[in-house]
Amino acid sequence: MSRPLPSGTQVRRATRDATRYHSDARLGDLLGDVYTGLLTIALAASMIFALSSRLAPEAGGFGRAAQEGPGLAVGWIAVLLAVAAVASFVGLVTRLGPLSLSAAESAWWLPLPVDRRSLLRPAAVRWPAIGLVVGAISGAAVAVALPAGTAALLGSTALGAVFTVTLVIVAGLLQPQPQAIRALRWSADGVALAVPVVGIVLAFAGTAPPHPGLITLPLALLLTGVAVALGRRWDNRLDSVHGADLRHRGSVTDEALVAVLSLDTRALGRALTIRSESPQRSRSSRMSWLTHVPRSWRPSAALITSDAFLFARAPRRIAQMVLSLTLPGIGLLVPDPGPATTIVLLLIGGYIASLATGEGVRRAQLSPGLDAALPIAQRMVRLSRLALPATVMTAWFVAITAVLGWRYGDPAGWVLLGLLTGPAWGAATLRAGYRPVPTFGGPLIYTPMGSLPPGLSASMLRGPDLALVGSVPVVVALVTGTTAPVLFALALMLSLGTALFAVYEPDPTPHPTGPTGASRATERPSVPTHATPATPADPREPK
């Protein structure tokens, strides 16, 4: 009598047991990089506190009250943040799932003659469970920010949780239909991008925020029934998802997971960016104006032009810049904008804007052949790559500081401070773009999150460290509420210092060069051991 075939649950359990058996964890080697990062933050904080204590008014404490302006109620801020969180989560689900298998899981499990539903059911539960937590936190935050009782708090929490889970289940039902899941992804991204714009409109309109009442409890119960019915339908159709779709989304998930565990924001952006547009160029430019540039300056002019075209021809980056501008704008539209909230939103917005301007630098780091072939020195290449980030970030800071001057007074001083701070963020973008590519070919550090190469934490801080240092004058001005002349001199020195440091910084990962002088540092790193699960093996087998 033949032995019965294992079920999907048994196959998953055997793989999980083998993976746990071969796992290992050592975290002590990461303490050095963590210490370096904490030391950088502590030094910047000490500079801010020292300057703030020196420049603060002797009477009245820190800060200057903001002038009268449009006010965005705190309740609206909670509602908008909750909507943005749910929309961003749904957009993430449509990119990574909601149903996916890694490359190894697809290769090992899909050909097995087992029940596909029992094999995929744990993977299908993963995203709804995460959505339950995201929605509950979002709903509770809205109820806490608005005057609501205990019943309204429970109802708002349940409504947010069930609504988010329902959206995830709908995404699972639409996964076999590429056009439908693409429309859902675009809708989620559009809602997330529209949140800051809606916040600005509500601030100027002066509309009162809604108040969650007892109606949220019946709505949550009704939506729970809908979610259960849709969940059962999705469970019955788990085997309708094509294996190629499971492998594709699993590969995207693996790439995103490796990027997160490796602290590599560049790889994470590439993983989450789904290229649905045609790869062909819609138009070409002859760039005939380069013939009028002196011959010695043409290579630099070509690099600057290529970075500018790369930035201007991507609508996603333009939308990213608009989003980065509206985030600090919302923080300044509340009736009494506090310095802490303004500083946090300013730094987050500046980081989002810098990511949009550094695409050319990141591509040059990954494929340095063109830069190496140009008849100019490496320092001149970096200086040319610095032109676009420094220009765009300077314009960004001028726009933001103009709004700060409108709310806090002295607009000329604030704009001048932003004009002097922008180049420091451009230098931070340049330094982050030339961040060394993580390599998993050498000795690895074994952690519960997987195998990580040494120096990843220090590599992650390349770029943000210069941005944090360059932001000290603006942060001090926000804390004290004044734009003292010493801050202008400090901002100028920091911008010059960070620019020189980013341009003249030596290559952190020297590699042997080929006959053309191009670095071979951009070869694709080997896949880390945590990217795919270990091969199922006999647990009795020795290590």
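Anyway, here's the lowdown on the structure attached to this text. Remember, predicted model here, so these are calculated numbers, not experimental data. (Residues numbered from 1 in each chain as written. Predicted model: local features only at pLDDT ≥ 70, side-chain atom pairs only at ≥ 80, totals over all residues. Heavy atoms only, no water.)

## Examining the packing of aromatic side chains
Cut-off, in case you're wondering: Two aromatic rings from Phe, Tyr or Trp, using only the six-membered ring of Trp, form a pair when their centres are within 6.5 Å; if the ring planes differ by under 30 degrees the pair is stacked, by over 60 it is edge-to-face, and anything between is tilted. Helix and strand definitions follow DSSP, with helices as H or I runs of at least four residues and strands as E runs of at least two, each counted in order from the N terminus. To sort residues, take the accessible area from a 1.4 Å probe on protein chains only and compare it with the maximum for the residue type: under 20% means buried, over 50% means exposed, and anything in between is partly exposed. Distance and angle both matter: a charge sits over a ring if NZ of Lys or CZ of Arg is within 6 Å of the ring centre and within 35 degrees of the ring normal.
Applying the stated rule across the entire model yields 4 aromatic pairs. Their ring planes at 50 degrees and their centres at 5.7 Å tell us that Phe397 and Trp425 sit as a pair that is tilted. Placement of Phe397 in helix α16 (residues 378-408) and of Trp425 in helix α17 (residues 411-433) is noted, with a sequence separation of 28 residues between them. There is no split in this pair, since Phe397 and Trp425 are both buried. Grouped by ring-pair contacts, the aromatic residues Trp396, Phe397 and Trp425 constitute a single cluster. Here the basic side chain of Arg313 rests over the ring of Phe309, its NZ or CZ set 4.8 Å away from the ring centre.

## A look at the side chain of Arg249
Just so we agree on the cut-off: Any pair of nitrogen or oxygen atoms within 3.5 Å is treated as a polar contact; in protein, a donor-acceptor pairing is required on top of that, and neighbouring residues in sequence qualify only through side-chain atoms on both sides. Here, residues are in contact when the closest pair of their heavy atoms is within 4.5 Å.
Inspection of the secondary structure puts Arg249 in helix α9 (residues 243-261). Only 2.7 Å separates the side chain of Arg249 from the backbone oxygen of Thr94, close enough to count as a polar contact. With residues near it in sequence (within four places) discarded, Arg249 still touches Thr94, Arg95, Leu96, Gly97, Leu99, Ser100, Gln175 and Ile181.

## Focus: the pattern of salt bridges
What counts, and what does not: Basic side-chain nitrogens of Lys or Arg form a salt bridge, by our definition, when they fall within 4 Å of a carboxyl oxygen of Asp or Glu.
Overall, the coordinates contain 7 salt bridges when judged by the stated rule. The shortest N-O distance in the salt bridge between Arg95 and Asp189 comes to 2.7 Å. Taken together, the residues Arg95 in helix α3 (residues 74-96) and Asp189 in helix α7 (residues 178-205) connect sequence positions 94 residues apart. Salt-bridge contacts for Glu359 lead to Arg363; the nearest nitrogen and oxygen are separated by 3.0 Å. Of this pair, Glu359 and Arg363 both sit in helix α14 (residues 359-366), separated by 4 residues, roughly a single helical turn.

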